[in-house]
Amino acid sequence: MTNLVKFKISIIGDFATGKTSLIRRYIDNAFARDYRPTLGSNVFIKKIEITHKNKQYLVSVNLYEVAGQDRWQTVRKTYYSGSQGLIFVGDLSRKRTFHQIRDFWHVDSKDYIPSDLPRIILANKCDLQEDIEDSEIREISNHIHAFTHIKTSAKENIGVNKAFIELITKIFNYTDDKSEESKSS
Ligand SMILES: Nc1nc2c(ncn2[C@@H]2O[C@H](COP(=O)(O)OP(=O)(O)OP(=O)(O)O)[C@@H](O)[C@H]2O)c(=O)[nH]1
Ligand SMILES: [Mg+2]
């Protein structure tokens, strides 16, 4: 028997870091060179089959991209709540976008999501010249309690699938733990 589950994952980070591109690579295996800023938000859905603890699942992965440009600040908050996972995206060719994960995106989202919610940093555009040391990414990752950070390129299709699968697996374990906690309380 296949069990159906639905996960909401929010994807946040500065404008033009590659959020839409990572989603398009993951869902359609496609990439566009031109930059079309996301207006407000985007929702994408991908259905995948996963075996977890010997059970078959059909997972509806609902990806909420929250636009990075400043003018969308007020609409953003409604998209954080109800998420089971968070993806922070930085652009390896712009160090500032990682500082923004620590100083802005982490702070902006933390009142709306549980502190132990699975979160990951995608260090995107690894096909370009890197503007930040690995050690600094690691520090930021620890600071925001990400369980890992992965270098990706939506352009060259590096690390994208792996990143989504790692997060989805973490969410499975997290939701299992939560249901165990509620049974025992
Ligand atoms: N070289 C390179 N370019 C990329 C990569 N990923 C995205 N881009 C380019 O970066 C630009 C911005 O990508 P988007 O995916 O639109 O960025 P975004 O984070 O969704 O931006 P907003 O919606 O405005 O917040 C586009 O021109 C993409 O083609 C990558 O891995 N490598
Ligand atoms: Mg976008």
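About the criteria used
- Residues numbered from 1 in each chain as written.
- Chains lettered and ligands numbered in written order.
- Predicted model: local features only at pLDDT ≥ 70, side-chain atom pairs only at ≥ 80, totals over all residues.
- Near = placed C-beta within 6 Å.
- Helix = DSSP H or I, 4+ residues; strand = E, 2+ residues; numbered from the N terminus.
- Nonpolar A, V, L, I, M, F, W, Y, C, P; charged D, E, K, R; others polar.
- Expected span 1.5 Å × (residues − 1).
- Bend = angle between axes of the 7 residues up to and from the residue.
- Buried ≥ 20, exposed ≤ 12 C-beta atoms within 10 Å, placed from the backbone.
- Contact = placed C-beta atoms within 7 Å.
- Pairing = 2+ DSSP bridges.
- Axes fitted to C-alpha atoms, helices over the stretch in contact; angles between N-to-C directions.

**Student:** Residues and numbers for the site of ligand 1, please.
**Tutor:** Around ligand 1 there are 23 residues in total, and G18, T20, S21, T38 and G68 lie nearest to it. Looking at which element gives the most residues to the shell around ligand 1, the answer is helix α1 (residues 19–28), with three residues. Here the shell around ligand 1 is built from residues that sort into eight nonpolar, nine polar and six charged.

**Student:** Tell me about helix α3 (residues 96–110), residues and numbers included.
**Tutor:** Each full turn of the α-helix corresponds to 3.6 residues, which orients residues three or four apart in the same direction. With 15 residues, α3 extends 20 Å between its outermost C-alpha atoms, agreeing within 8% with the 21 Å of an ideal straight helix rising 1.5 Å per residue. At R102, α3 shows its maximal kink, close to 35°. Of all the residues in α3, the buried ones are T97, F98, Q100, I101, W105 and S109. Contacts made by the buried residues of α3 are with β1 (2–12), α2 (73–80), β4 (85–91), β5 (119–124) and α4 (134–143).

**Student:** Provide a residue-level description of the sheet that holds strand β6 (residues 148–151), including the pertinent values.
**Tutor:** The mixed open sheet is built from six strands, whose spatial order is β2-β3-β1-β4-β5-β6. Whereas interior strands pair on both sides, the edge strands pair on one side only; in this sheet they are β2 (41–52) and β6. The average undirected angle you get between the axes of adjacent strands in this sheet is 25°. Relative to β5, β4 runs parallel, the two sharing six bridges.

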